[in-house]
Amino acid sequence: MPETIVKIENLVKRYKELIALDHFSLEIKEGEIFGLLGPNGSGKTTTINCLLSLLSFDKGEIEIFGEKMSPTNYNVKKQIGMIMQNVAVIDELTVYENIDYFCGLYINDKAERKKCVDEAVEFVGLGDFVKYRPKKLSGGLLRRLNIACGIAHKPRLIILDEPTVAVDPQSRNKILEGIQELNRRGATVIYTSHYMEEVEQICTRIAIMDKGRTIALGTKEELKKRIKNTETITVEVMQLSEEKLSEVRALAHVSETEYSEGRLVVKYSGGKHNLIRLMEYLKNNDIVIGRVFTELPTLNDVFLEVTGKTLRDSV
Ligand code: ADP
Ligand code: MG
């Protein structure tokens, strides 16, 4: 059995009247890339700040590496790498000096530190920019510097809070691949995001959060298996009467239909030949169609079924 790295039990955090975390529990095992997925305001950053003892909380227990977490538990803290949602680097220092500074908080030995800093520079691909100051870097490069500062000391647990927000696609891919590489090298990772695609792409297990609670937990396959929706087909249709729409709804395995702005959206629950059957129906009824798209369920469908709203809308 892999070791338990993080255990959060019944965490409650209030900001005055607002309940940001509502009896939130979580267990993360060694070797996971654990995804905390939720819309803005669902409590991801609050969870991370409580976890690191950066924020006091009203109720609950937190253990990391089997030890009770506290603001002064440096033995635990030094084995954690934290990449904050808001980039936290020092403007007066160069890229290299920044990484060296943060690494120096953990590693005293000069030679060892130099090795770690060089590796971190290489790892995030900032070799051409070591003499730059942060202000000169693009958003994506700045994020990569932020990450290098958090991982240079080779932590056992790496926590990244929305590291890809407002990042160009190239840096974004580099960041996602980097996280997977750090995990292959042995780090356990906690990754928060409101982008379901990213969480699906890299996370081994996912907790979907809403209003300070976990609304679903599991691998992406487990989460998707739990919902009714199995397939969504969208067809561009110039015109569709109410009568025809209700006939579509009556086709086998259809669970939901919607027609607006020239788009017919049909949701299915099970069934193997849904697309062929739908195409046959449209053809037999002389309904002219444009493009056709089919989608497998996403984590957004999971969120939608549990909360009644979409992840995208609530962002
Ligand atoms: P997320 O990281 O998922 O976007 P947060 O943990 O930042 O969510 O916020 C959770 C909730 O707590 C939100 O409703 C937010 O407005 C509120 N909140 C966060 N920080 C504070 C604070 N310092 N004071 C008051 N309310 C806060
Ligand atoms: Mg946040």
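Higher on the page you've got the structure.
Quantities reported herein were computed from a predicted structural model and do not represent experimental measurements.

Details of the pairing of strand β4 (residues 59-64)
Here five bridges tie strand β1 (residues 4-15) to β4, and the two strands are oriented antiparallel to one another. Residue pairing in the sheet places K7 in a bridge with E63 of β4.

Points about the site of ligand 1
Around ligand 1, the neighbouring residues are Y15, L18, A20, P39, N40, G41, S42, G43, K44, T45 and T46. G43 is positioned with one of its backbone polar atoms (N or O) 3.0 Å from an oxygen atom of ligand 1. One nitrogen or oxygen atom from the side chain of K44 is found 2.9 Å from an oxygen atom belonging to ligand 1. When isolated, ligand 1 has an accessible area of 560 Å², and the protein chains bury 59% of it.

Thoughts on the environment of K225
Among the structural elements, K225 can be located in helix α8 (residues 220-225). For K225, a relative accessible area of 71% corresponds to the exposed category. Taking the C-alpha atoms as reference points, K225 and L55, 170 residues apart in sequence, are found 36 Å from one another.

Quick word on the layout of surface pockets
In this model, the largest pocket occupies a volume close to 450 Å³. Going through the elements one at a time, α2 (74-77), β6 (80-83) and α5 (139-151) are the ones with two or more residues in the lining of the largest pocket. Split into classes, the residues belonging to the lining of the largest pocket amount to eleven nonpolar, two polar and two charged.

Re the packing of helix α3 (residues 95-104) against helix α4 (residues 110-124)
For any two helices packed against each other, one specifies the inter-axial angle together with the distance between the axes. Running from amino to carboxyl end, α3 crosses α4 at an angle of 130°, the nearest separation of the two axes being 10 Å. When the interaxial angle is binned, α3 and α4 end up oblique. Helix-helix and strand crossings are classified by hand; for α3 and α4 the assignment is right-handed. For the pair formed by α3 and α4, the contact residues are Y96, I99, D100, C103 and G104 on the first element and R113, K114, C116, V117, D118, A120 and V121 on the second. In terms of residue class, the contact of α3 with α4 is built from seven nonpolar, one polar and four charged.

A short note on the packing of aromatic side chains
When we look at a pair of aromatic rings, we describe it by the centre distance and by the angle of the planes. Tallied over the entire structure, the rule returns two aromatic pairs. Between Y101 and F102 the ring centres are 5.2 Å apart and the planes differ by 80°, which places this aromatic pair in the edge-to-face class. Here F129 and Y132 contribute two aromatic rings whose centre-to-centre distance is 5.1 Å and whose plane-to-plane angle is 75°, an arrangement assigned as edge-to-face.

A closer look at the environment of D210
Here D210 shows up in strand β9 (residues 205-210). Other than its neighbours up to four places away in sequence, D210 contacts P39, S42, I215, F303, T307 and K309. Among the polar contacts listed, one links the side chain of D210 to the side chain of K309, at a separation of 3.3 Å.

Conventions adopted
Residues numbered from 1 in each chain as written. Chains lettered and ligands numbered in written order. Predicted model: local features only at pLDDT ≥ 70, side-chain atom pairs only at ≥ 80, totals over all residues. Heavy atoms only, no water. Pairing = 2+ DSSP bridges. Helix = DSSP H or I, 4+ residues; strand = E, 2+ residues; numbered from the N terminus. Near = heavy atom within 4 Å. Polar contact = N/O pair within 3.5 Å; in protein donor to acceptor, adjacent residues only side chain to side chain. Areas by Shrake-Rupley, 256 points an atom, 1.4 Å probe, with all protein chains shown as cover. Buried < 20%, exposed > 50% of the residue type's maximum accessible area, 1.4 Å probe, protein only. 1 Å grid on protein atoms, 1.4 Å probe; cavity = no way out; pocket = protein on both sides within 12 Å on 5 of 7 lines; lining within 4 Å. Points joined across faces, edges and corners; volume = space filled by probe spheres on them. Nonpolar A, V, L, I, M, F, W, Y, C, P; charged D, E, K, R; others polar. Axes fitted to C-alpha atoms, helices over the stretch in contact; angles between N-to-C directions. Parallel < 35°, antiparallel > 145°, perpendicular 65-115°, else oblique. Left-handed = near helix turned anticlockwise from the far one by under 90°. Contact = heavy atoms within 4.5 Å. Phe/Tyr/Trp six-rings, centres within 6.5 Å; stacked < 30°, edge-to-face > 60°.

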